[in-house]
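Working through the structure, step by step
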Amino acid sequence: MKQDTTKHQGKRRQLVLVLEQKGITQAAVLNAIGDIPRHLFLDSSFVDHAYQDKAFPIGAEQTISQPYTVAFQSEQLHLKPGMKVLEIGTGSGYQTAVLCHIGAEVYSIERQHELFRTSLKRLPALGYKPKKLIFGDGYKGYPEQAPYDRIIVTAGAPSVPEALLAQLAVGGRMVIPVGEANQKMTVITRTSDNDFQKLELGDFRFVPLLQDKN
Ligand code: SAH
């Protein structure tokens, strides 16, 4: 169960075709999804369904994002190898693995300790080496390593956190789902110290970005 097999690889190829049909075109993103064993990011009760284009529970009332959503956000990041990326909401670590596979230097924050601990073990065990996984509140970002070329938020934010805008490099790009029950996928580019441009894409549904427990 806890390994990759040709059967899983075959199912991944099918998933890649599904994502292509849904409009994903970037080779780096499709290659990542074709290579990463998503079934090893799920509890054993869901492994047989791992290559369906669906979200699944991962514990702590959270979900692993649907592959299409991961692919869409990754594509909208316009990511290049070597870029410094801040991810909010490590969750299962699957999106983190996609960013690592594309060659990004990844800093990822998770506020649920159980999920943080699992990803801390899982990602290196599978050969993915984010620069740092952080247990903390994503609303605050991670100023220690700012500015970031790219910021990706994988939970629904009622509004765009100020701290994240402040930590985006000039010329940088943030992909964040904004809204309460449903979210508009929003791409924010920083055009100068004081100027940001905003583009709203389609509707998505994420678990909420939660405020600090303290
Ligand atoms: N990329 C993840 C998505 C997980 S769902 C995956 O595909 O597995 C969103 C995650 O955001 C959850 O794990 C949730 O605990 C986390 N989260 C919610 N609010 C947060 C916050 N303020 N700071 C950091 N993480 C947060």
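For the structure, see preceding data.
1. A closer look at the environment of Gly 91
Take Gly 91: it is sitting in the loop between strand 3 (84–88) and helix 4 (94–102). A sequence separation of 27 residues divides Gly 91 from Thr 118, and the C-alpha atoms of the two residues are 9.0 Å apart.

2. Some thoughts on helix 4
Here helix 4 lies mainly inside the structure; 8 of its 9 residues are buried. Those residues of helix 4 not exposed but buried are Tyr 94, Gln 95, Thr 96, Ala 97, Val 98, Leu 99, Cys 100 and Ile 102. Of the residues one or two after helix 4, Gly 103 is the one with positive phi, at around 105°.

3. Describing the site of the ligand
Close to the ligand lie 26 residues; Ser 92, Glu 110, Asp 137, Gly 138 and Leu 210 are nearest. Arg 111 places a main-chain nitrogen or oxygen 3.4 Å from a nitrogen atom of the ligand. In the complex, the protein chains occlude 100% of the 580 Å² of accessible area that the ligand would expose alone. More than half of the atoms of the ligand fall within 2 Å of the grid points belonging to the largest pocket. Those elements that place two or more of their residues in the shell around the ligand are strand 2 (62–64), strand 3 and strand 4 (105–110). Considering only residue class, the shell around the ligand consists of 10 nonpolar, 12 polar and 4 charged.

4. Digging into the packing of helix 2 (residues 27–35) against helix 4
With their axes 9 Å apart at the nearest point, helix 2 and helix 4 run at an angle of 125° to one another. On the basis of the axis angle, helix 2 is oblique to helix 4. In this structure, helix 2 crosses over helix 4, and the sense of that crossing is right-handed. Contact residues: helix 2 offers Ala 28, Val 29, Asn 31, Ala 32, Ile 33 and Asp 35, while helix 4 offers Tyr 94, Val 98, His 101 and Ile 102. Tallied by class, residues from the contact of helix 2 with helix 4 come to 7 nonpolar, 2 polar and 1 charged.

5. Topic: the packing of helix 3 (residues 67–76) against helix 4
At their nearest, the axes of helix 3 and helix 4 sit 11 Å apart, and the two run at 40° to each other. Here helix 3 lies oblique to helix 4, going by the angle between them. Handedness of the helix 3/helix 4 crossing: right-handed. Here Val 70, Gln 73 and Ser 74 of helix 3 come into contact with helix 4, specifically with Tyr 94, Gln 95 and Val 98.

6. Quick word on the pairing of strand 8 (residues 183–190)
Of all 8 residues that make up strand 8, 6 are buried, and the element is covered over most of its length. Inspection of the sheet shows strand 7 (residues 168–178) paired to strand 8 by 6 bridges, in the antiparallel sense. Considered in strand 8, the bridge of Val 175 is made with Val 187. Between the end of strand 7 and the start of strand 8, which pair antiparallel, lie 4 residues, with Gly 179 showing a positive phi angle near 150°. Examined bridge by bridge, strand 8 and strand 9 (residues 196–204) share 7 bridges and lie antiparallel to one another. Bridge pairing in strand 9 places Arg 190 opposite Phe 196. Between strand 8 and strand 9, which pair antiparallel in sequence order, lie 5 residues.

Calculation rules
Residues numbered from 1 in each chain as written. Predicted model: local features only at pLDDT ≥ 70, side-chain atom pairs only at ≥ 80, totals over all residues. Heavy atoms only, no water. Helix = DSSP H or I, 4+ residues; strand = E, 2+ residues; numbered from the N terminus. Buried < 20%, exposed > 50% of the residue type's maximum accessible area, 1.4 Å probe, protein only. Near = heavy atom within 4 Å. Polar contact = N/O pair within 3.5 Å; in protein donor to acceptor, adjacent residues only side chain to side chain. Areas by Shrake-Rupley, 256 points an atom, 1.4 Å probe, with all protein chains shown as cover. 1 Å grid on protein atoms, 1.4 Å probe; cavity = no way out; pocket = protein on both sides within 12 Å on 5 of 7 lines; lining within 4 Å. Sits in = over half its atoms within 2 Å of the grid points. Nonpolar A, V, L, I, M, F, W, Y, C, P; charged D, E, K, R; others polar. Axes fitted to C-alpha atoms, helices over the stretch in contact; angles between N-to-C directions. Parallel < 35°, antiparallel > 145°, perpendicular 65-115°, else oblique. Left-handed = near helix turned anticlockwise from the far one by under 90°. Contact = heavy atoms within 4.5 Å. Pairing = 2+ DSSP bridges.

By themselves, these are just geometric observations and shouldn't be taken as functional.
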